[in-house]
Amino acid sequence: MSLIAGPFPHVAASHFAHRFAAGTHAQWLFAPSNALNFTLTWLVVRQAGGTLHLRIDDLDRARFRPAYLDNIFRTLAWLGLDYDQGPAGPDAFERYFSQRHFLPEYEAALQSAQAAHPGLFYACRCSRTELARLALPDGRYPGTCRTTHLALAGPDTAWRAHVPADATVSFPDLGSGAVHVSLAQELGDFVVRKKDGTAAYQVASVVDDVRLGVTLIVRGLDLLPSTAAQLWLAHYLPGASRFGATQFWHHRLLLDEVGQKLSKSTQASHQRGIMEAAGSPRVVYAAAARLLQLPAAAAESLEALRQYFNQCTTQ
């Protein structure tokens, strides 16, 4: 199915939360893939008349830097992209929207899921060195601690989801149609609670989406395994069943001339942010136009991109 065809005009986008990670080097650079993805989500939600919520991941506080956070807001302003809910700037984010304010909620969800579904999670004490040594050729965890029956409350212990070998997650995608993901083969027994006692990304993502009433999520195809993990988790986390009704659009990735994802090639060669590397937001608009198969004239401005997108999705 074409990325600009299908049910986009009929999307029930009452809320849409776009997520950024403020604790990573890639986010400090604000890689092209991040700028492109927000531009795409902005187009979809504005066309559908939905509500766009800015949400920023900062669970990894050890790697968090104020400069990373500030760069997010500066880049969004540079792109000309607005949103309806969420922090107006770095200070408001730290005061009211940081994920550290919701840590008890994430923990309660994990504890409730474990109590209601014994064996859903298991304890893992593997160190980073052991993980690197034991990893399967595709990088998945081989389940080393699955049968050791370590105490979940033990020291220096992470929690992993016990993903059955035959676990397959199926859902309709607005861009690809019916999607079927073999979760055990794609992701394996993923971490749900880190050794420092805080929830991992997949758990926080589901809990946040449910709290905000998110109905539409736009991501790159490389995040299909994460979507599958979150849909699988939603069956077990308390109050998260409605996450299964969320609509998804996983768009194809833009690659450079050697086949690398655009963000990786740019980071490797320039180590600069998208504003410095691109010079003009029209570079991002052009990338969005190419991906959406819009005319080159759509890249002239954000308004032109929006108009061409709206015309194509309402025909």
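Provided above is the structure to which this section pertains.
What counts, and at which threshold
Residues numbered from 1 in each chain as written. Predicted model: local features only at pLDDT ≥ 70, side-chain atom pairs only at ≥ 80, totals over all residues. Heavy atoms only, no water. Helix = DSSP H or I, 4+ residues; strand = E, 2+ residues; numbered from the N terminus. Buried < 20%, exposed > 50% of the residue type's maximum accessible area, 1.4 Å probe, protein only. Pairing = 2+ DSSP bridges. Axes fitted to C-alpha atoms, helices over the stretch in contact; angles between N-to-C directions. Polar contact = N/O pair within 3.5 Å; in protein donor to acceptor, adjacent residues only side chain to side chain. Expected span 1.5 Å × (residues − 1). Arc of directions from axis to C-beta.

### Here's the deal with unusual backbone geometry
For residues that are not glycine, phi is negative in most cases, and the peptide bond is trans in most cases. The backbone of D156 shows a phi angle near 50°, a positive value even though the residue is not glycine. Here D156 shows up in the loop between helix 6 (128-134) and strand 4 (158-161). Residue class for D156 comes out exposed when judged on its relative accessible area of 51%. Although it is not a glycine, Q293 adopts a positive phi angle of roughly 60°. A relative accessible area of 54% means that Q293 is categorised as exposed.

### So, the sheet that holds strand 4
In space, the three strands of this open sheet follow the order 3-4-7, with antiparallel pairing throughout. Because the sheet does not close on itself, it has two edges, and the strands there are strand 3 (121-124) and strand 7 (191-193). Strand-to-strand twist in this sheet, taken as the mean axis angle between neighbours without regard to direction, amounts to 45°. Alignment of strand 3 against strand 4, held across four bridges, turns out to be antiparallel. Directly across from F121, in strand 4, lies its bridge partner A161.

### Quick word on the environment of T148
Relative to the elements of secondary structure, T148 occurs in the loop between helix 6 and strand 4. Looking at T148, the relative accessible area reads 40%, which means it is partly exposed. Taking the C-alpha atoms as reference points, T148 and Y122, separated by 26 residues in sequence, lie 8.9 Å from one another. A polar side-chain atom of T148 sits 2.8 Å from the main-chain carbonyl oxygen of C145.

### Looking at helix 13 (residues 302-314)
End to end, helix 13 covers 18 Å across 13 residues, agreeing with the expected 18 Å (1.5 Å per residue, within 8%). Considered for burial, the residues of helix 13 that qualify are L302, A304, L305, F309 and T313. Seen end-on, helix 13 carries its buried residues on one side only, within an arc spanning 160°.

### What about the pairing of strand 5 (residues 168-173)?
Walk down a regular strand and you will see the side chains alternate between the two sheet faces. Here strand 5 shows one buried face, formed by V169, F171 and D173, and one open face, formed by T168, S170 and P172. Sheet topology places strand 5 next to strand 6 (residues 177-182); six bridges connect them, and they run antiparallel. Opposite F171, over in strand 6, you have V179 as the bridge partner. Hairpin connection of strand 5 to strand 6: three residues between the antiparallel strands.

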